[in-house]
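Chain and residue survey
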Amino acid sequence: MSTRGMVIIGGGETGASAARTLREEGWQGPITLIGQENLAPYERPPLSKGALALGSEAAPAFILKEQTLEELSITWVREARAVKIDRDRHIVQLADGQEIAYDKLLLATGASPRKLTLEGSNTTSVMELRTFADAERLRSKLEAGRQLVVIGAGFIGLEVAASARERGCQVTVLEVGHRILMRGVPLGIAQAVEARHREAGVNFQLGVGIERIESASGEQRITLANGQELRCDAIIAGIGAIPETSLAAACGLDVGNGILVNDRLATSDPTIYAAGDCCAFPHGVYGGTRIRLEAWRNAQEGGAHAARNMLGADQPYEAIPWFWSDQYEQTLQVIGLPDASTLTVQRHTEDESLFFFHLDDEHRLAAASGIGAGIAKEIKLAEMLIVKRAVLDPVVLAAPGLKLKALLKELS
Amino acid sequence: MLLEGWIYVCEADAIDEEDVIRFDSGSRSFAIYRSEDNDYYATDGFCTHEKVHLAEGLVMGDIIECPKHNGRFNYKTGQAKKTPACEHLTTYPVQVTDDGKVYIQID
Ligand SMILES: Cc1cc2nc3c(=O)[nH]c(=O)nc-3n(C[C@H](O)[C@H](O)[C@H](O)COP(=O)(O)OP(=O)(O)OC[C@H]3O[C@@H](n4cnc5c(N)ncnc54)[C@H](O)[C@@H]3O)c2cc1C
Ligand code: FES
């Protein structure tokens, strides 16, 4: 390979993980990490959790500190937006005109918050949460006694609601769907999460649309489709994210709901890879169904995997999707794709935890989900069972004395 | 007879084979392990990456996997084995008495 080197667009979890892995795997040529933020790569999950908590000023949780970037000889091009990929010349062009040549390119451009398109909604009246700067802005609004409206009862919205309640704000969550956590989480868990929020004093308005938002002298007014009016001090929208595919589309790569890659995480151009929130990949464990994930572990593992394949490993990406969320003292976790299941079996745990197995038509374990103190071990064991593509008896799974580890050993 | 400085943790059979429990003493938290071949070990209770109780993680062979980000440690030596866990864990001596009681020495 010539010495143009490896270029990564996007300095988030995926890009950082890829850059580190390239070095760990022995790549000695140039690595360039291009990021449009001004901070070195940092973790996003704390932005809706610890970064909003009471106490000392929140600092970014760096994934790769500037010093580490230097030690690993990774060229970190900050506050730089890649605007064009010239695939014939193997060149990435930045907004300031600078050109960076690549041998292999990784698109790790992530996703951006979906915008509310409503009369009166704009970025000054409605906040969003994706970057550390967003978190700082939100944090400054969360003074005790203030009224916060959260639009969208997905993970980010609910985590913000929990953090805001803990800071003494009054919180109302508006959700157009008829339940919270519509995607990827079974009803039993969504109900437990909702109950905990209600116990903490969060108001929910489910199944309601929003008509318009007006702001005047620091106060915001939200008019609901049912005519009701809400007044508040701050509004945050957590209504999903859109994959950043514009660069890929503009240079003619295949794009759908995410940059389309094969099971090696390569795009339709074999010298360009994509990983993390921005890409949709076929998952071997789920019959090759194309999925796009917005999850921390997928970003980390996808970045590392793409890096190894860029160096010639040629391995399929088969990491099982895994997601966690922290709200109040509760942690919930989901392993696999519950949406790929047709039968849910509840596991009886000794503590107060809730735990579900999700089986497909053939009683193969497709996913498991849980909330409570003791679930992490079980989720990990369930992951191993999913990897084994274990076919399981729902009656055995429901038995109170079931020991998952023993079951796993029996199957090996 | 146990020497001074040993603290009672639990009955030996209170920990399953190839498993871990949490043990708090004063303001400190420990993780107490029983290996597949019935030896007992103790480490700091918290993952060195972020403050998460390791006892909520999974023991496989010599490894404890952190429940939060899947960092791994060898719980027998305390060695960090997989990122994002990079700093090692402190280990502590464990004794199981003839009458089946687990003690650790933490100072
Ligand atoms: C508030 C919040 C809380 C979360 N909590 C959890 C959680 O509890 N559990 C969980 O599993 N997941 C959680 N996630 C999801 C997880 O953080 C994401 O899946 C992960 O950050 C995705 O990483 P990424 O690198 O693919 O994308 P991103 O983190 O979005 O990074 C992409 C980077 O690329 C940059 N970029 C984009 N286009 C260009 C361009 N043209 N030129 C240069 N740079 C560009 C962007 O500015 C960005 O910095 C959370 C996310 C958020 C926002
Ligand atoms: S807290 Fe243990 S690996 Fe992160």
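Conventions adopted
Residues numbered from 1 in each chain as written. Chains lettered and ligands numbered in written order. Predicted model: local features only at pLDDT ≥ 70, side-chain atom pairs only at ≥ 80, totals over all residues. Heavy atoms only, no water. Helix = DSSP H or I, 4+ residues; strand = E, 2+ residues; numbered from the N terminus. Rg over C-alpha atoms; globule rule 2.2 N^0.38 Å. Areas by Shrake-Rupley, 256 points an atom, 1.4 Å probe, with all protein chains shown as cover. Pairing = 2+ DSSP bridges. Axes fitted to C-alpha atoms, helices over the stretch in contact; angles between N-to-C directions. Near = heavy atom within 4 Å. Polar contact = N/O pair within 3.5 Å; in protein donor to acceptor, adjacent residues only side chain to side chain. Nonpolar A, V, L, I, M, F, W, Y, C, P; charged D, E, K, R; others polar. Expected span 1.5 Å × (residues − 1). Buried < 20%, exposed > 50% of the residue type's maximum accessible area, 1.4 Å probe, protein only. Contact = heavy atoms within 4.5 Å. Buried area = accessible area lost by both parts, 1.4 Å probe. Salt bridge = Lys/Arg side-chain N within 4 Å of Asp/Glu carboxyl O. Arc of directions from axis to C-beta. Parallel < 35°, antiparallel > 145°, perpendicular 65-115°, else oblique. Left-handed = near helix turned anticlockwise from the far one by under 90°. UniProt positions renumbered as here; feature names shortened; annotations may be inferred.

Focus: the overall build of chain A
Within chain A one finds ten helices and 27 strands. On C-alpha atoms alone, chain A measures out to a radius of gyration of 22 Å, which is about the 22 Å that the 2.2 N^0.38 rule sets for 412 residues. Here the C-alpha coordinates of chain A stretch approximately 65 × 60 × 40 Å along the principal axes. Of the roughly 17600 Å² of accessible surface on chain A, 48% is carried by carbon and sulfur atoms.

A word on the sheet that holds strand 13 (residues 210–216) of chain A
All names here are of chain A. On the basis of which strands lie adjacent, the open sheet formed by three strands has the order 13-14-15 and antiparallel pairing. Since the sheet does not close on itself, it has two edges, and those belong to strand 13 and strand 15 (229–232), each with one partner. Put simply, the sheet's adjacent strands are angled 20° from each other on average, direction ignored. Where strand 13 and strand 14 (residues 219–224) come together, six bridges link them in antiparallel fashion. Looking at strand 14, one finds that Ile213 is bridged to Ile222.

Quick look at the site of ligand 1
Residue and element names in this part refer to chain A. Contacts to ligand 1 come from 35 residues, most closely from Thr14, Glu37, Arg44, Lys49 and Arg130. In this structure, Thr14 approaches ligand 1 through a side-chain N or O atom, which is 2.7 Å from an oxygen atom. Here Glu37 contributes a side-chain N or O atom positioned 2.7 Å from an oxygen atom of ligand 1. Counting only elements with at least two residues in the shell around ligand 1, the list comes to helix 1 (13–24), helix 4 (155–166), helix 7 (296–310) and strand 23 (322–327). Across the shell around ligand 1, the residue classes break down as 16 nonpolar, ten polar and nine charged.

Structural notes on helix 4 of chain A
Residues spaced three or four apart along an α-helix point in a common direction, a consequence of the helix completing one turn every 3.6 residues. Residue and element names in this part refer to chain A. Taking 1.5 Å of rise per residue, twelve residues should cover 16 Å, and helix 4 covers 17 Å from first to last C-alpha, within 8% of that figure. Among the twelve residues of helix 4, nine are classified as buried, and the element is accordingly described as predominantly covered. Following helix 4 by one or two positions, Gly168 has its phi on the positive side, about 90°.

Quick notes on the interface of chain A and chain B
It is common to report an interface's size as the accessible area lost on association of the parts. The interface is formed by 15 residues belonging to chain A together with 16 residues belonging to chain B. For the pair chain A and chain B, the summed buried area comes to about 1400 Å², and 49% of that belongs to carbon and sulfur atoms. Looking at the side of chain A facing chain B, the largest losses of area belong to Lys377, Lys380 and Lys405 of chain A, adding up to 38% of the total buried there. With a closest N to O distance of 2.7 Å, Glu65 of chain B and Lys380 of chain A form a salt bridge. Looking at the side of chain A that touches chain B, the elements with two or more residues in it are helix 7, strand 23, helix 8 (375–387) and helix 10 (404–411) of chain A.

Thoughts on helix 10 of chain A
Buried within helix 10 of chain A are the following residues: Leu404, Lys405, Leu407 and Leu408 of chain A. Down the axis of helix 10 of chain A, the smallest arc covering the buried residues is 160°, so these residues share one side. The inward-facing, buried residues of helix 10 of chain A contact strand 25 (343–347), strand 26 (354–359), helix 8 and helix 9 (394–398) of chain A together with strand 5 (58–60) of chain B.

Comments concerning the packing of helix 8 of chain A against helix 10 of chain A
Residue and element names in this part refer to chain A. Where helix 8 contacts helix 10, the axes come no closer than 10 Å and their chain directions differ by 15°. Here helix 8 lies roughly parallel to helix 10, going by the angle between them. Classified by chirality, the crossing of helix 10 by helix 8 is left-handed. Counted together, Glu378, Leu381, Ala382, Met384 and Leu385 of helix 8 and Leu404, Lys405, Leu407, Leu408 and Leu411 of helix 10 form the full contact between these two elements. Split into classes, the residues belonging to the contact of helix 8 with helix 10 amount to eight nonpolar, no polar and two charged.

A look at unusual backbone geometry
All names here are of chain B. Backbone geometry at Glu18 places phi at a positive 50°, although glycine is not the residue there. By the secondary structure assignment, Glu18 is in the loop between strand 1 (6–11) and strand 2 (19–25). Not every positive phi belongs to a glycine, and Asn70 is a case in point at roughly 60°. By the secondary structure assignment, Asn70 is in the loop between strand 6 (63–65) and strand 7 (72–74).

Quick notes on the UniProt feature "domain: Rieske" (unreviewed entry) in chain B
Sites flagged by UniProt as "domain: Rieske" (unreviewed entry) map to residues 7–103 of chain B. Taken as a whole, residues 7–103 of chain B contains 0% helix and 45% strand, while its terminal C-alpha atoms sit 5 Å from one another.

Description of the packing of helix 1 of chain A against helix 7 of chain A
Residues and elements named next belong to chain A. Direction vectors running N to C along helix 1 and helix 7 enclose 35°, while the axes themselves pass 7 Å from each other. The interaxial crossing formed by helix 1 with helix 7 has right-handed handedness. Residue-level contacts link Glu13, Thr14, Ser17, Ala18, Thr21 and Leu22 of helix 1 to Trp296, Ala299, Gln300, Gly303, Ala304, Ala307 and Arg308 of helix 7. A class-by-class count of the residues in the contact of helix 1 with helix 7 yields six nonpolar, five polar and two charged.

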